[in-house]
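Here is how the chains run, residue by residue.
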Amino acid sequence: MEVPQELIDQLEKSNKILLQAHRKPDGDAIGSLVALGKGLKALGKEVDYCVDTTIDPRLKFFPEMKFFNKDLKEKYDSLIIVDCSTKDFSVYPDKKTEWDNLITIDHHKSNQNYGDINFVYETAACGELVYQVLEKLNIPLDKEMREAIFTALSTDTGSFQFSNTNSQTHKIASKIYTKDDNFAPLSKRLHSTKSLEQLKLYGKAIESIELFDDGKIAILTLPYDVINEYGGIENVSDDLSNIGMNLDTSMISVLIKEQEPNEFKMSIRSKAPFDIDVSKLATKYGGGGHLRASGFSMEGNLEDIKINLVKDMEELLNE
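Here's a quick rundown of the structure. (Residues numbered from 1 in each chain as written. Predicted model: local features only at pLDDT ≥ 70, side-chain atom pairs only at ≥ 80, totals over all residues. Heavy atoms only, no water.)

Attention shifts here to the packing of helix H4 (residues 143–156) against helix H6 (residues 184–191). With their axes 11 Å apart at the nearest point, H4 and H6 run at an angle of 45° to one another. Relative to H6, H4 is oriented oblique. In terms of crossing hand, the pair formed by H4 and H6 is right-handed. Within the contact between the two elements, H4 uses Glu147, Phe150, Thr151, Ser154 and Thr155 and H6 uses Leu186, Ser187, Leu190 and His191. Counted by class, the contact of H4 with H6 contains 3 nonpolar, 5 polar and 1 charged residues. (Axes fitted to C-alpha atoms, helices over the stretch in contact; angles between N-to-C directions. Helix = DSSP H or I, 4+ residues; strand = E, 2+ residues; numbered from the N terminus. Parallel < 35°, antiparallel > 145°, perpendicular 65-115°, else oblique. Left-handed = near helix turned anticlockwise from the far one by under 90°. Contact = heavy atoms within 4.5 Å. Nonpolar A, V, L, I, M, F, W, Y, C, P; charged D, E, K, R; others polar.)

Let us look at the side chain of aspartate 56. The topology assignment puts aspartate 56 in the loop between strand E2 (46–50) and strand E3 (75–82). Residue class for aspartate 56 comes out buried when judged on its relative accessible area of 7%. Polar contacts involving the side chain of aspartate 56 include one to the main-chain amide nitrogen of arginine 58, which spans 3.0 Å. Those residues in contact with aspartate 56 that lie beyond four places of it in its chain are Gln198, Glu234 and Ser237. (Buried < 20%, exposed > 50% of the residue type's maximum accessible area, 1.4 Å probe, protein only. Polar contact = N/O pair within 3.5 Å; in protein donor to acceptor, adjacent residues only side chain to side chain.)

With that out of the way, let us pick up the sheet that holds strand E4 (residues 98–106). In space, the 5 strands of this open sheet follow the order E2-E1-E3-E4-E5, with parallel pairing throughout. Of all the strands in the sheet, the pair left with one neighbour each is E2 and strand E5 (117–120). Mean inter-strand twist for the sheet, computed between neighbouring axes without regard to direction, equals 20°. Against the sheet, helix H1 (residues 5–13) engages strand E1 (16–20), E3, E4 and E5, with an angle of about 135° to E4. Contacting E3, E4 and E5, helix H3 (residues 126–136) crosses the sheet at an angle of about 115° to E4. (Pairing = 2+ DSSP bridges.)

What follows deals with H1. Where H1 is concerned, the buried positions are Leu7, Ile8, Gln10 and Leu11. Buried residues of H1 fall within an arc of 165° about the axis and therefore sit on the same side. On its buried side, H1 packs onto E1, helix H2 (27–42), E3, E4, E5 and H3. (Arc of directions from axis to C-beta.)

In this structure, Leu7, Leu36, Ile80, Ile105 and Val133 are the most contacted members of the largest nonpolar core, which totals 49 residues. The element best represented in this core is H2, accounting for 7 residues. Once you skip the residues sitting within four places of it in the chain, isoleucine 105 turns out to touch Leu7, Leu36, Ile80, Ile81, Val82, Asp83, Phe119, Cys126, Leu129, Val130 and Val133. Counting residues in hydrophobic clusters, the runner-up holds 22 residues, among them Val254, Phe264, Ile268 and Val310. (Core = buried A, V, L, I, M, F, W, Y, C linked by side-chain atoms within 4.5 Å.)

Buried residues dominate E1, accounting for 4 of its 5 residues. In this region the chain leaves E1, passes through H2 and returns to the parallel neighbour E2; the handedness of that crossover is right-handed. (Right-handed = clockwise from strand over helix to strand, strands pointing away.)

The next point concerns the side chain of threonine 123. Relative to the helices and strands, threonine 123 is located in the loop between E5 and H3. Once residues within four sequence positions are removed from consideration, threonine 123 is found in contact with Met1, His107, Glu128, Leu129, Asn166 and His290.

Here the focus is the packing of aromatic side chains. As enumerated under the stated definition, the model contains 8 aromatic pairs in all. Relative to tryptophan 99, the ring of tyrosine 92 lies with its centre 5.9 Å away and its plane at 25°, an arrangement referred to as stacked. Overall, tyrosine 92 belongs to the partly exposed group, its relative accessible area being 27%. Overall, tryptophan 99 belongs to the partly exposed group, its relative accessible area being 24%. For the ring pair tyrosine 177 and phenylalanine 183, a centre distance of 4.9 Å and an interplane angle of 65° mean the geometry is edge-to-face. Feature note: the residues Phe150, Phe160, Tyr177 and Phe183 constitute an aromatic cluster, connected by ring pairs. Taking NZ or CZ as reference, lysine 41 lies 3.9 Å from the ring centre of phenylalanine 67, over its face. (Phe/Tyr/Trp six-rings, centres within 6.5 Å; stacked < 30°, edge-to-face > 60°. Lys NZ or Arg CZ within 6 Å of the ring centre and 35° of its normal.)

Once that is clear, we can look at the sheet that holds strand E6 (residues 210–212). Spatially, E6-E7-E8-E9-E11-E10 is the arrangement adopted by the 6 strands of the open sheet, whose pairing is mixed. The open sheet has two edge strands with one neighbour each: E6 and strand E10 (288–289). Bridge count for E10 against strand E11 (residues 293–299) is 2 bridges, and the pairing is antiparallel. Along E11, the bridge assignment pairs glycine 288 with glycine 295.

Listed below in structure tokens is the structure:
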């Protein structure tokens, strides 16, 4: 992957920079924001963050996060949106804010190249691209930045288990391991540690499993009242979306989260080595993502939505 020179030129001449990511930011989004933001500050840039505060508690450990949503300015030289395939899925300031240039840094196959400058390359994690930008700018990574890059890589690859993991992912991980040779505590926090509420939500998701097509299709549902009984949407950790893929018979699954009454967010997954591109289904409904992990939103009646999703997933299986 080659970092566009125009991106580097724009960052070098920008003094005031605003960073954003997608709604309900995951580990890749948070890690990319922290690493890039701190790196740009090391160059003497004024950096602000506009970030959705619906964040998994396990990700709330970076000191840099205390600057999220603080003292936003009315005008910036550049707005950078990371890990977000569509402009509308980003989080914008409540007050009027302007910028001269929009830069996108993203790794999603479905990215719409909506920036003035786009660094879009399909790979395991947006954190890989951020690392390349920092390297191109000759910015050394401090401990927090290294942990941010590790968080980005580790979470979007399922602790390096998903099929999106590639040689570049491991090369970058290897580079940060030369400075910190023990990421085990951080990895455990990201992948194994859960609050009691999160564990109960995990159980509720398992209880909800419905199977179709001889177990090839799995649907999991978390209703609005259940989500709020156990701490709200920020406690719906990303690994809940992968439960369906742990079934021995499943090839494709979807987790349906009712974020508001009759407003649903779907996280759809497919299993390697089957050639099932779930981003096609996400794009159909205005979402996006990757070959094996995508998402979209929908309003309506839950049972009707399930019926339509089963039909859609059967079509993907039969392609």
